[in-house]
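# Coordinate inspection notes
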Amino acid sequence: MSGPVDGAVKAKPNAACIRNRYFADLPGIDRAKKGAFNTMQIGAKAHYATLAMTELALMVDETQPRSLREIAEQHCIPLPFLTQIFQQLKVAGLVKALRGSSGGYRLNKPAQQVSLADILRAVSPSTPSFNHDCSSPAAEVLDRLYRELQQEQDERLARISLARLAENARQVDHAMFY
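Owing to the predicted nature of the structure, the values given are computational and were not obtained by experimental measurement. (Residues numbered from 1 in each chain as written. Predicted model: local features only at pLDDT ≥ 70, side-chain atom pairs only at ≥ 80, totals over all residues. Heavy atoms only, no water.)

## A closer look at the pattern of salt bridges
With the rule as written, the count across this model stands at four salt bridges. E55 is the salt-bridge partner of R66, the closest N and O atoms lying 3.2 Å from each other. In this pair, R66 is assigned in the loop between α3 (44-58) and α4 (68-75) and E55 in helix α3, connecting sequence segments 11 residues apart. Judged by its relative accessible area of 14%, R66 is buried. Judged by relative accessible area, which is 12%, E55 ranks as buried. Between R170 and E167 there is a salt bridge whose closest N-O contact spans 3.6 Å. One end of the pair, R170, and the other, E167, are both in helix α8 (residues 162-177), three residues apart, so they sit about a helical turn from each other. Residue classification places E167 among the partly exposed positions, given a relative accessible area of 36%. Connected through salt bridges with shared partners, the residues E55, R66 and E70 form a single ionic network. (Salt bridge = Lys/Arg side-chain N within 4 Å of Asp/Glu carboxyl O. Helix = DSSP H or I, 4+ residues; strand = E, 2+ residues; numbered from the N terminus. Buried < 20%, exposed > 50% of the residue type's maximum accessible area, 1.4 Å probe, protein only.)

Dropping the structure here:
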């Protein structure tokens, strides 16, 4: 018998495991650079938000809503956590809630106009800056370096559109079944 022992809870893969597996198969990413995804720190909330937003962008008719329950079940995301995430995405103007029996959420603007940076800013706190009581040349150099690196990361994330993520997901999906 290869399943879990009676009464045992099967462990879910953690967010880092899911991220690495997802990003490792994206077309157009150089194999040498794929290892960089192992070191980028993205929290579960940011990952789930990006995953759910990509699901909305994958819909053929973006005007139709998608229920959070469907997305949560498809990606094993706790529904209360996804609900909290979507409240933040709604406040940021990235999604629109539609009420009623066939309600749900849909993108509030075209996927091409939503960047990965927009999604991450909506759900992730800003990167803390270091306040030093004692300033030194080394601390100033490091502070400057950290700000430059953060700016480079922000600029790169801003160049990745939700439409691009959806297209990459379609290519991966197509490759899996053909």
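## Points about the environment of L82
Topologically, L82 is positioned in helix α5 (residues 79-91). Relative accessible area serves as the criterion here: at 0%, L82 is assigned to the buried category. Residues within four places of L82 in sequence aside, it is in contact with A52, L68, I71, A72 and I77. (Contact = heavy atoms within 4.5 Å.)

## What to know about the nonpolar core
In a soluble, globular protein the nonpolar side chains are often hidden away together inside. Counting 34 residues, the largest nonpolar core has M53, L56, L82, F86, L89, I119 and L162 as its most contacted members. Of all elements in the fold, only α3, α4, α5, β2 (104-107), α6 (116-123) and α8 reach the threshold of two or more residues within this core. Ranked by the residues each element gives to this core, the list is headed by α3, at seven residues. Here M53 is in contact with L89, L94, V95, L107, V114, I119 and L162, once residues within four sequence places are set aside. (Core = buried A, V, L, I, M, F, W, Y, C linked by side-chain atoms within 4.5 Å.)

## Re the pairing of β2
With four bridges connecting them, strand β1 (residues 95-98) and β2 associate as antiparallel partners. Bridged to A97 within β2 is Y105. The hairpin turn running from β1 into β2, its antiparallel successor, is five residues long, and G100 in that turn takes a positive phi close to 110 degrees. (Pairing = 2+ DSSP bridges.)

## Let's talk about α4
Three or more residues of α4 are buried, namely L68, I71, A72 and H75. All buried residues of α4 lie within an arc of 100 degrees about the axis, which places them on one face of the element. Opposite the packed face of α4, turned more than 90 degrees from it, sit the exposed residues R69 and E73. In this structure, the buried side of α4 is in contact with α3, α5 and β2. Looking one or two residues beyond α4, the residue adopting positive phi is C76, at roughly 55 degrees. (Arc of directions from axis to C-beta.)

## Thoughts on α5
With 13 residues, α5 should cover 18 Å at 1.5 Å per step; its first-to-last C-alpha distance of 18 Å lies within 8% of that length. Every buried residue belonging to α5 is among L82, I85, F86 and L89, and all of these are buried. For α5, the angular spread of the buried residues around the axis is 100 degrees, confining them to a single face. Opposite the packed face of α5, turned more than 90 degrees from it, sit the exposed residues P80 and V91. The secondary structure elements touched by the buried residues of α5 are α3, α4, β1, β2 and α6. Immediately downstream of α5, the backbone of G93 shows phi near 80 degrees, a positive value. (Expected span 1.5 Å × (residues − 1).)

Treat this as a map of the structure, not an account of what it does.
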